[in-house]
Amino acid sequence: MLERYELEAFLTLAEELHFGRTAERLGVTTGRVSQTVKRLERRVGTPLFTRTSRSVRLTPVGRRLHEDLLPAYRQLCAAVERATAAGHGLQGRLRAGFGAPWGGELLTAAADALLALHPACEITVREVPLDEGVRPLRDGTLDVQFVAFPVREPDLTTGPVVTTDDRVLLLPSSHPLAGRPSLGLEDLAGLELIAPEGAVPDYWTDHHYPRTTPSGAPVGRGPAAATWQEVLSHVSAGRGVAPGAARGAVYHPRPGIAYVPLRDAPPLAYGLAWPTTADSDLLRAFVGAVGPAGP
């Protein structure tokens, strides 16, 4: 049976794919993480990660183990948080925000669950435009936000990955690439990506809207978009293309737009972020109700 530290080390490394960041999040040394993972691999009997000097990736067995363990771990942590919240008798106000609609569903479900136990609390959930980034956390209009990772801001704390999704490319249905069963990142060469501007940091934009392909071919920039509705309008009008999440085809179906899988792009990861200086029983309970761990 897995020890808790083995489980946390494996799940965190599977999310970060970086030994240094994993060690930092767990508050241990890089060597401790490496030893723990090696011990787990000996127990399983096969490598769970492939390691090079430049990258860390899950093996097929590691990916399957991650998929099997993560839901159970989330349920366990959420159960503990709910029990803790019930014992504390929570009060106060919490303002939560989301950009992706599936994030809104998760936040609303967590709010409803907590309010059923603690009717004295006030929890509001609102949408955040694409071009606002994490600014609402800084200007005090939100206490916690469902975000697309990475978020690497010194004044913000991020929780574990709550959900992931495969990447796709949104193209006009008439585009020559729209009929293909899948595309590679090299196919972005010469295309113009519709990306947000405003308060979104450059590292985040470059992660989601690369300026070059893996081989170094330039990728252009189309018109900027402040919201996903603007992204969809630009794509359907043929003004550019946009990377996105596979489930967007369900949440944002639109005639004239094709959602084509990007087969070699890493999956999108989503989770929660909140101001590092913020701390309350209600915030901890809410983070725990949405994802596998609290602040």
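Residues numbered from 1 in each chain as written. Predicted model: local features only at pLDDT ≥ 70, side-chain atom pairs only at ≥ 80, totals over all residues. Heavy atoms only, no water.

1. Things to note about the sheet that holds strand E11 (residues 257-261)
Next up, step 1: Reading across from one edge, E10-E7-E11 is the order of the 3 strands in this open sheet, with antiparallel pairing throughout. Lying at the two open borders of the sheet, with one neighbouring strand each, are strand E10 (242-245) and E11. Neighbour-to-neighbour, the strand axes of the sheet open up by a mean angle of 40°, direction not taken into account.
Next up, step 2: Pairing analysis gives 5 bridges linking strand E7 (residues 167-172) to E11, with the strands arranged antiparallel. (Pairing = 2+ DSSP bridges. Helix = DSSP H or I, 4+ residues; strand = E, 2+ residues; numbered from the N terminus. Axes fitted to C-alpha atoms, helices over the stretch in contact; angles between N-to-C directions.)

2. Structural notes on the side chain of Glu 132
Next up, step 1: Relative to the elements of secondary structure, Glu 132 occurs in the loop between strand E4 (122-127) and helix H6 (135-138).
Next up, step 2: One buried charged side chain, Glu 132, makes no salt bridge at all; its nearest oppositely charged neighbour is Arg 126, positioned 4.3 Å away. (Buried < 20%, exposed > 50% of the residue type's maximum accessible area, 1.4 Å probe, protein only. Lys, Arg positive; Asp, Glu negative; His and termini not counted. Salt bridge = Lys/Arg side-chain N within 4 Å of Asp/Glu carboxyl O.)

3. Comments concerning the side chain of Glu 16
Next up, step 1: Within the fold, Glu 16 resides in helix H1 (residues 4-16).
Next up, step 2: Leave out the neighbours within four places in its chain, and Glu 16 touches Arg 21, Thr 22 and Arg 25. (Contact = heavy atoms within 4.5 Å.)

4. Brief notes about the packing of H1 against helix H2 (residues 19-26)
Next up, step 1: One can describe the packing of H1 onto H2 by two numbers: an axis separation of 9 Å at closest approach and a directional angle of 135°. Judged by the inter-axis angle, H1 sits oblique to H2. Considering the relative orientation of H1 and H2, their crossing is right-handed. Each of Glu 8, Ala 9, Thr 12, Leu 13, Glu 15 and Glu 16 in H1 lies in contact with H2, whose residues at this interface are Phe 19, Arg 21, Thr 22, Arg 25 and Leu 26.
Next up, step 2: For the contact of H1 with H2, a count of residues per class yields 4 nonpolar, 2 polar and 5 charged. (Parallel < 35°, antiparallel > 145°, perpendicular 65-115°, else oblique. Left-handed = near helix turned anticlockwise from the far one by under 90°. Nonpolar A, V, L, I, M, F, W, Y, C, P; charged D, E, K, R; others polar.)

5. Looking at the environment of Ala 258
Next up, step 1: Summarising the element assignment, Ala 258 is placed in strand E11.
Next up, step 2: Assessed through its relative accessible area of 15%, Ala 258 is described here as buried.
Next up, step 3: C-alpha separation for the pair Ala 258 and Gly 179, spaced 79 residues apart in sequence, amounts to 8.1 Å.
Next up, step 4: Ala 258 has contacts with Leu 169, Leu 170, Leu 171, Ser 173 and Ala 178, leaving out every residue within four places of it along the chain.

6. Section: the sheet that holds strand E5 (residues 144-148)
Strand pairing within a sheet occurs via backbone hydrogen bonds; the two strands may be parallel or antiparallel.
Next up, step 1: Taken together, 5 strands build an open sheet; the order of strands is E4-E3-E5-E12-E6 and the sheet is mixed. Edge positions in the sheet fall to E4 and strand E6 (156-165), since each of these pairs with one other strand and no more. Across the sheet, the axes of successive neighbouring strands diverge by a mean angle of 20°, strand direction being ignored.
Next up, step 2: As defined by bridge partners, E5 adjoins strand E12 (residues 268-275) across 4 bridges and the pair is classed as antiparallel. Opposite Gln 145, over in E12, you have Ala 273 as the bridge partner.
Next up, step 3: Strand contacts of helix H5 (residues 101-117): strand E3 (93-98), E4, E5, E6 and E12, with the helix running at about 170° to E4, the strand carrying the most contacts.
Next up, step 4: Taken strand by strand, helix H10 (residues 281-290) contacts E3, E4, E5, E6 and E12, and its axis lies near 35° from that of E3.

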